[in-house]
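Topology and contacts: notes
Now for the letters of each chain:
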Amino acid sequence: SLRNGGSVQTTATTNVDSDTVSVNLSGTVSGVSIGGALARAKSEGKTTSTGMGGDDGNDALTNTGTVTSSATSTVNTVGVSVGVGVTGTGVAVEGTAVDGSATGLANATGLTGGSGIDGIVNEGALEVTSTADVTTVGVSVSGSGTVTGVGAGIALSRAVTTAVANATAIAG
């Protein structure tokens, strides 16, 4: 049996910063110059805050006071890929790619009984907040040059961002 007649405050914070850089330089006086650069950045931040929580059994929770639960997940991902290919006479081919993804998950719960048969009584105040702030940046630059011949370059960039924030006052 859990009872609160006063004040319960829980705060959970996750901060994730991820940076990746890939650089390729290739060249030849004559002939074929081929090069590539790949940068992959994947970041994930998860946080969970519970004000009053029971376990897997049968629980009785009573709140006549104040329960504050806050969860914040901040994730920042930056991926940069740069490639340069040069040749005096011939063929210069250069490719770059960035694959960046960031996921932020924040879960905040005021009162939860967990699994089982639970009795939850709330006669007090609940303040439950959840924030997920996610930023993904992908930059890909490719350059090819030749004095006499053919120069070709390709630059690809993919950035996936997912932010999920869940705030639950009472869960059985």
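Residues numbered from 1 in each chain as written. Predicted model: local features only at pLDDT ≥ 70, side-chain atom pairs only at ≥ 80, totals over all residues. Heavy atoms only, no water.

1. A few points about the overall build of the protein
Along the protein, the regular secondary structure elements total zero helices and six strands. Sequence-ordered secondary structure for the protein, helices as α and strands as β, is β-β-β-β-β-β. Taking 2.2 N^0.38 as the reference for a compact globule, 172 residues should give roughly 16 Å; the C-alpha atoms of the protein span a radius of gyration of 26 Å, well beyond that estimate. Once the C-alpha set of the protein is aligned to its principal axes, its extents read approximately 80 × 25 × 15 Å. Evaluated residue by residue, the protein yields a buried proportion of 37% over its 172 residues. Carbon and sulfur atoms make up 52% of the accessible area of the protein, which amounts to about 8,600 Å² in all. (Helix = DSSP H or I, 4+ residues; strand = E, 2+ residues; numbered from the N terminus. Rg over C-alpha atoms; globule rule 2.2 N^0.38 Å. Buried < 20%, exposed > 50% of the residue type's maximum accessible area, 1.4 Å probe, protein only. Areas by Shrake-Rupley, 256 points an atom, 1.4 Å probe, with all protein chains shown as cover.)

2. Focus: the pairing of strand 4 (residues 66-112)
When strand 2 (residues 7-53) meets strand 4, the two strands line up parallel, connected through 45 bridges. Its bridge partner lying in strand 4, K46 is registered against L105. The pairing of strand 4 with strand 6 (residues 125-171) spans 45 bridges and is parallel. Its bridge partner being in strand 6, L105 is matched across the sheet by V164. (Pairing = 2+ DSSP bridges.)

3. Remarks on the nonpolar core
Formed by V8, M52, L61, V67 and L111, the largest nonpolar core amounts to five residues. Elements represented by at least two residues in this core include exactly strand 2 and strand 4. Dropping the residues within four chain positions of it, V8 is found in contact with G51, T66, V67 and T68. (Core = buried A, V, L, I, M, F, W, Y, C linked by side-chain atoms within 4.5 Å. Contact = heavy atoms within 4.5 Å.)

4. Quick look at the side chain of S33
Position of S33 among the secondary structure elements: in strand 2. For S33, a relative accessible area of 3% translates into the label buried. Discounting residues that sit within four places of it in the chain, S33 has contacts with S26, G27, T28, G85, V86, T87, V91, A92 and V93.

5. Quick word on the sheet that holds strand 6
The three strands are arranged 2-4-6 in an open sheet whose pairing can be described as parallel. Every interior strand has two partners, whereas the edge strands, strand 2 and strand 6, have only one. Neighbouring strand axes in the sheet, compared pairwise and without regard to direction, differ in orientation by 0 degrees on average. (Axes fitted to C-alpha atoms, helices over the stretch in contact; angles between N-to-C directions.)

6. Observations regarding the sheet that holds strand 1 (residues 2-4)
The three strands are arranged 1-3-5 in an open sheet whose pairing can be described as parallel. Two strands lie at the open edges of the sheet, namely strand 1 and strand 5 (119-122), each paired on one side alone. Sheet twist, expressed as the mean angle between neighbouring strand axes with direction ignored, is 0 degrees. The pairing of strand 1 with strand 3 (residues 60-63) spans three bridges and is classified as parallel.

7. Digging into the environment of D118
Positionally, D118 belongs in the loop between strand 4 and strand 5. Within the structure, D118 has its side chain in polar contact with the backbone nitrogen of D59 (distance 3.1 Å). (Polar contact = N/O pair within 3.5 Å; in protein donor to acceptor, adjacent residues only side chain to side chain.)

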